[in-house]
Amino acid sequence: MRLLITAGPTREAIDPVRFLTNRSSGKMGYALAETAVAKGHEVILISGPVNLEAPTGLAELVSIESAREMFEAVRDRIDGCEAAIFCAAVADYRPVNSPDRKIKKTEDSLTLELEKTEDILGSARSGFGFSGILVGFAAETHDLAKYASGKLEKKGCDLVVANDVSRRDIGFDTDRNEVQLFFADGRRETLPVQTKAGIGQKLVEIIEGLVKGQR
Ligand code: C5P
């Protein structure tokens, strides 16, 4: 199957030398891409800046920096994909102004005004007209089930993969993860703590099943 995966963080420019970002390492998205390629799928990986080697055999690797660039890359490629997995930790806000010249240290305080970035996952159905299997991720520090099931419905996902990022042993920037799966039909499942490669394998199998069910 043809599969689109977003991975890693985004960077939102404050000025030419500074940016806002987050702790995403990209490991989960890259593990998914690696497994999917190994299983013979055609994979388009759209990635923010990460310190990882891209799997060999990708159909395409698109390297982006900002949420806007990720939005455009997804919009231009999602058509024709049977599944789209939005694993990237996209910045929710970006500075309204990003001057061409470095901001100098002249004032005692500096206020940054932020605006919302494009909601890429939220645009998949209504904006891009995507009708394939849609998988979102939810990284939460509290009320995991509430936010995950809300996202499932609001964004039109078939599956939301949720992880608790308040735990230091799993999730952001570690090699291991434990995730809870929330399916559109109300089913729930936990994939217990294991390597991100292990989680990636199980998730690809589950997504293959969802695609088969849709055919
Ligand atoms: O709302 P939250 O950021 O927790 O949602 C996470 C999910 O939404 C992930 O699947 C992420 O890739 C996606 N997302 C997105 N565009 C954004 C923010 C999040 O696609 N601007």
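Now for a quick tour of the structure. (Residues numbered from 1 in each chain as written. Predicted model: local features only at pLDDT ≥ 70, side-chain atom pairs only at ≥ 80, totals over all residues. Heavy atoms only, no water.)

The subject of this paragraph is the pattern of salt bridges. Pairing of side chains with opposite charge becomes possible as their charged atoms draw close. Taken as a whole, this structure holds 14 salt bridges when the rule is applied. For Asp175, the salt bridge is made with Lys27, and the minimal N-O distance between the two is 3.1 Å. With Asp175 in the loop between strand 10 (159-164) and strand 11 (176-183) and Lys27 in helix 1 (residues 27-38), this residue pair connects regions lying 148 residues apart in the sequence. Taking the relative accessible area as the measure of exposure, Lys27 reaches 24% and is therefore partly exposed. Notably, a salt bridge pairs Arg94 with Glu115, separated by 3.0 Å at the nearest N-O pair. In this pair, Arg94 is assigned in strand 7 (residues 93-95) and Glu115 in strand 8 (residues 114-116), connecting sequence segments 21 residues apart. With relative accessibility at 31%, the residue Glu115 sits in the partly exposed group. (Salt bridge = Lys/Arg side-chain N within 4 Å of Asp/Glu carboxyl O. Helix = DSSP H or I, 4+ residues; strand = E, 2+ residues; numbered from the N terminus. Buried < 20%, exposed > 50% of the residue type's maximum accessible area, 1.4 Å probe, protein only.)

Turning next to the site of the ligand. Lining the immediate environment of the ligand, one finds Phe86, Ala88, Val90, Asp92, Thr117, Glu118, Asp119, Ile120, Leu121, Gly136, Phe137 and Lys151. Residue Glu118 places a main-chain N or O atom 2.7 Å away from a nitrogen atom belonging to the ligand. In this structure, an oxygen atom belonging to the ligand sits 2.6 Å away from a side-chain N or O atom of Lys151. Residues that form the shell around the ligand fall into these classes: six nonpolar, two polar and four charged. (Near = heavy atom within 4 Å. Polar contact = N/O pair within 3.5 Å; in protein donor to acceptor, adjacent residues only side chain to side chain. Nonpolar A, V, L, I, M, F, W, Y, C, P; charged D, E, K, R; others polar.)

Here we take up the packing of aromatic side chains. One pass over the full model with this rule turns up one aromatic pair. Relative to Phe128, the ring of Phe71 lies with its centre 5.3 Å away and its plane at 55°, an arrangement referred to as tilted. Of the two residues, Phe71 is situated in helix 2 (residues 67-77) and Phe128 in the loop between helix 3 (120-126) and strand 9 (133-140); the sequence distance between them amounts to 57 residues. Accessibility expressed as a relative area gives 19% for Phe128, which makes it buried. Positioned above the aromatic ring of Tyr147, the side-chain terminus of Lys146 is 5.3 Å from the ring centre. Cation over ring: Arg187 sits above Phe183, and NZ or CZ is 4.0 Å from the ring centre. (Phe/Tyr/Trp six-rings, centres within 6.5 Å; stacked < 30°, edge-to-face > 60°. Lys NZ or Arg CZ within 6 Å of the ring centre and 35° of its normal.)

As summarised here, the arrangement of the eight strands in space is 5-4-1-6-9-10-11-12, forming an open sheet in which the pairing is mixed. The sheet terminates laterally at strand 5 (60-63) and strand 12 (188-195), the two strands that pair on one side only. The mean inter-strand angle of the sheet, taken between neighbouring strand axes irrespective of direction, is 15°. Relative to strand 4 (residues 42-47), strand 1 (residues 2-7) runs parallel, the two being bridged by six bridges. Considered in strand 4, the bridge of Thr6 is made with Ile46. Sheet contacts for helix 2: strand 1, strand 4, strand 5 and strand 6 (83-86); angle to strand 4, the most-contacted strand, approximately 160°. Helix 4 (residues 144-154) rests against strand 9, strand 10, strand 11 and strand 12 of the sheet, and its axis sits at about 155° to strand 10. (Pairing = 2+ DSSP bridges. Axes fitted to C-alpha atoms, helices over the stretch in contact; angles between N-to-C directions. Contact = heavy atoms within 4.5 Å.)

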